[in-house]
Amino acid sequence: MDWREIYKQKRVSVEEAAKVIKSNDRVFAMAASGLPYELLKEIDKRRNELENVTVMSGIVLYPYEFFKPGSQGGIRFTSVFMGPFERMGCSQGTVDVFAYQFGKIDYTTRNVFKGNVFCIEVSPPDDNGDMSFGVMGTLCGKIAVEHADTVIVSVNKRTPYVYGPKEAFVNVKDVDYICEHDHEIPELPDAPITDIDRQIAHHIVSRIDDGATIQIGIGGLGNAVGFFLEGHKDLGIHTEMLVDSMISLAEKGVVNGKRKTLHPNEIIFSFGLGKKKLYDFVHKNDAVKAHPIDYVGNPYTIGRNSQFVSINNALMCDLTGQVCSESVGYRQFSATGGQLDFVRGAQLSPGGQSFIALESTTKQKDGTLLSRITCALPPGAVVTTPRTDVQYVVTEHGIADLKCKSIKDRIREMIRVAHPQFRDQLEKEARENHFYES
């Protein structure tokens, strides 16, 4: 039977698709721009008639009722990567959080998420009946399709059709229900670039050579660094997350992938989130390929890129170089992501470099200045990247080189890039805690 006839047979309304969900289901809905938000809104409306339904997604960009205390009904939400609404729900006890590395998402999808229903937003079918997973779904969409009992897709004419291997698509024949809802792809608001961002960017950019292949992690600071690479030539991209600064560099010819040793002349990514310009750029662009994160984020895949540069953000570091990028004390702020895999991959790359970037201080609500570099991480703080894997830590005050350094030398390097206001105190605390003697 022709796929067009199959499409017609499987097409239902959004409301009908939502009624497919039954009590005790585990619903895995693709994150961010891959989330069929209208479908999930209809599922949300059924929360009081459902029992024991788990919904798993991440970076949700719509304030569903089940996030609110006392309004969950029979739906419990679990975040696979926290955005602002999940962060709020987590603090109120309505959101649970998975702790896992992106590079292991194939195992996690099969054995931990265990979604018996998979929901995702896709592009309209091509001439072969293949629907693109867009800028988000290739992350793990194919694995989720293969392991779900029921697959529901929401076709959106504005979802970019992104090229890639077979894992970047799902065929009409391989889904159970097809609903349609056209809407603009959610955009990530621009974060203002501060003077401190510029200083940090200057330190990092001065270490990046022409022809390097770069990765920029989730977060505004790393994205800001990308905008300061305009003076470079022949850069390549191999990244978990495609961000606006990378698109700007590609449009200006700075990124062309000519010197890449893996996938030359191609931008390789797993998911993207940014402005409309990003979505327009990747749509049917032969120079852009989406691959699953278990390939893109594999340290040994990363290491096949010569002169690979990994740039990731941190919330805080301790004096020995332990990196916390996902919690503020006991309070979960984001998630583990792929930082550690890219840190390790960069150091498997010939000429590779790994940078962890953070502002040296943060301000409390009353204006009190606190150091993000501390003698020890506070109770509850999650170690995202162990000190033994860290190469460079960068603040506005310089670059701390920690690779293969002794504890004493690590501490001296970290104090050197701390805010001047806190250096004497950090030195005092290091001695009081016998990191080294006078």
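All values reported here derive from a predicted model rather than from experimental measurement.

Chemist: Which parts of the structure should I look at to understand the overall build of the protein chain?
Modeler: Counting its secondary structure elements, the protein chain contains 15 helices and 24 strands. Against the 2.2 N^0.38 benchmark of 22 Å for 438 residues, the protein chain shows a C-alpha radius of gyration of 22 Å, consistent with a compact globule. A principal-axis box enclosing the C-alpha atoms of the protein chain has dimensions of 80 × 50 × 35 Å. Residue burial in the protein chain is summarised as follows: out of 438 residues, 58% are buried. Within the protein chain, contacts between residues separated by at least 24 positions form 71% of all contacts whose residues are at least 6 apart in sequence.

Chemist: Would you explain the layout of surface pockets in this entry?
Modeler: One simple way to see leftover space: roll a probe sized like a water molecule over the atoms. For the second largest pocket, the calculated volume is near 180 Å³. Forming the boundary of the second largest pocket are Lys-157, Arg-158, Thr-159, Pro-160, Glu-184, Ile-185, Glu-187, Lys-276, Tyr-279, Asp-280 and His-283. For the lining of the second largest pocket, the residue count by class is three nonpolar, two polar and six charged.

Chemist: In this structure, what is going on with helix α3 (residues 37-45)? I would like to understand it.
Modeler: The α-helix winds at 3.6 residues per turn, so residues separated by three or four positions along the chain end up facing the same way. Of the positions making up α3, those classed as buried are Glu-38, Leu-39, Leu-40, Glu-42, Ile-43 and Asp-44. If you follow the buried residues of α3, they end up packed against α2 (14-18), β2 (53-58), β3 (75-81), β5 (117-122) and β7 (150-155).

Chemist: How should the sheet that holds strand β22 (residues 373-374) be read in this particular structure?
Modeler: Neighbouring strands of a sheet are bound in pairs by backbone hydrogen bonds; such pairs are parallel or else antiparallel. One open sheet accounts for three strands, arranged β16-β15-β22; its pairing is mixed. Of all the strands in the sheet, the pair left with one neighbour each is β16 (323-324) and β22.

Chemist: Quick question: what am I supposed to make of the environment of Ser-327 here?
Modeler: Assignment of secondary structure puts Ser-327 in strand β17 (residues 327-328). Along the primary structure Ser-327 and Met-316 are separated by 11 residues, whereas in three dimensions their C-alpha atoms are 9.2 Å apart. Polar contacts involving the side chain of Ser-327 include one to the main-chain carbonyl oxygen of Gly-329, which spans 3.1 Å. Among the polar contacts listed, one links the side chain of Ser-327 to the backbone nitrogen of Val-382, at a separation of 3.0 Å.

Chemist: I would appreciate a short explanation of helix α9 (residues 244-251) in the present structure.
Modeler: In terms of burial, α9 is largely enclosed, as seven of its eight residues are buried. By the burial criterion, the buried members of α9 are Asp-244, Ser-245, Met-246, Ile-247, Ser-248, Leu-249 and Ala-250. The first or second residue beyond α9 is Gly-253, which carries a positive phi of 85°.

Chemist: Help me out: how do you make sense of unusual backbone geometry in this one?
Modeler: The phi torsion of most residues other than glycine is negative, and most of the peptide bonds are trans. Backbone geometry places Asn-24, a non-glycine residue, at a positive phi of 75°. Here Asn-24 is to be found in the loop between α2 and β1 (26-29). With a relative accessible area of 53%, Asn-24 lands in the exposed category.

Chemist: Can you help me understand the pattern of salt bridges in this one?
Modeler: When the charged atoms of two side chains lie near each other, side chains of opposite charge can form a pair. The full count for this structure, using the stated rule, is 22 salt bridges. Taking the shortest distance from any N to any O, the salt bridge between Glu-38 and Lys-41 comes out at 3.4 Å. Of this pair, Glu-38 and Lys-41 both sit in helix α3, three residues apart, roughly one helical turn.

Chemist: In this structure, what is going on with the nonpolar core? I would like to understand it.
Modeler: A general tendency of soluble globular proteins is for nonpolar side chains to be buried together. Ranked by internal contacts, the top residues of the largest apolar core, which has 84 residues, are Phe-118, Ile-204 and Leu-242. For Ile-204, the residues in contact, after removing those within four places along its chain, are Val-225, Ile-311, Phe-355, Ala-357 and Val-394. Grouped together as the second largest cluster of nonpolar side chains are 24 residues, Ala-29, Leu-35, Leu-50 and Val-95 included.

Chemist: Sorry if this is basic, but what is going on with the pairing of strand β10 (residues 213-216) here?
Modeler: The alternating pattern of β10 places Thr-213 and Gln-215 on one face and Ile-214 and Ile-216 on the opposite face, and all of these are buried. Bridge analysis of β10 against strand β11 (residues 236-242) gives two bridges, and the strand direction is parallel. Note on β11: the bridge partner recorded for Thr-213 is Gly-236.

Chemist: What is the right way to read the side chain of Thr-150 from this model?
Modeler: Note on placement: Thr-150 falls in strand β7. Thr-150 sits in the buried class, given a relative accessible area of 17%. Excluding residues within four positions of it along the chain, Thr-150 makes contact with Val-20, Asn-116, Val-117, Phe-118, Asp-176 and Tyr-177.

Criteria and thresholds
- Residue positions within a chain follow its written sequence, with the count starting from 1.
- Under the rules for a predicted model, residues below a pLDDT of 70 receive no local features and side-chain atom pairs below 80 are neither given nor counted, while totals for whole chains, interfaces and linings still include all residues.
- Each side-chain value is derived from all of the structure's non-hydrogen atoms; neither hydrogens nor water enter the calculation.
- Working definition: helices are DSSP H or I runs of at least four residues, strands are E runs of at least two. Numbering for both runs from the N terminus.
- Using C-alpha atoms as the atom set, the radius of gyration is obtained and then compared with a globule rule of 2.2 Å times the number of residues to the power 0.38.
- We call a residue buried when its accessible area falls under 20% of the maximum for its residue type, exposed when it is over 50%, and partly exposed in between, using a 1.4 Å probe and counting protein chains only.
- For this analysis, residues touch if any pair of their heavy atoms sits within 4.5 Å.
- Cavity and pocket criteria rest on a 1 Å grid covering protein atoms alone: a 1.4 Å probe that fits but cannot get out defines a cavity, protein on both sides within 12 Å along at least 5 of 7 lines defines an open pocket, and an atom within 4 Å of a point defines a lining residue.
- Grid points are joined across faces, edges and corners, and a volume is the space filled by probe spheres set on the points.
- Put simply, Ala, Val, Leu, Ile, Met, Phe, Trp, Tyr, Cys and Pro go in the nonpolar bin, Asp, Glu, Lys and Arg in the charged bin, and everything else, Gly too, in the polar bin.
- At least two DSSP bridges between two strands are required for those strands to pair.
- Whenever a nitrogen or oxygen atom comes within 3.5 Å of another N or O atom, the pair is scored as a polar contact, on the condition that within protein one atom can donate a hydrogen and the other can accept it, and that pairs from neighbouring residues in sequence are kept only if both atoms are in side chains.
- In the sections that follow, a salt bridge refers to a side-chain nitrogen of Lys or Arg positioned within 4 Å of a carboxyl oxygen of Asp or Glu.
- Take the buried residues of types Ala, Val, Leu, Ile, Met, Phe, Trp, Tyr and Cys, join any two whose side-chain atoms come within 4.5 Å, and each joined set is a nonpolar core.

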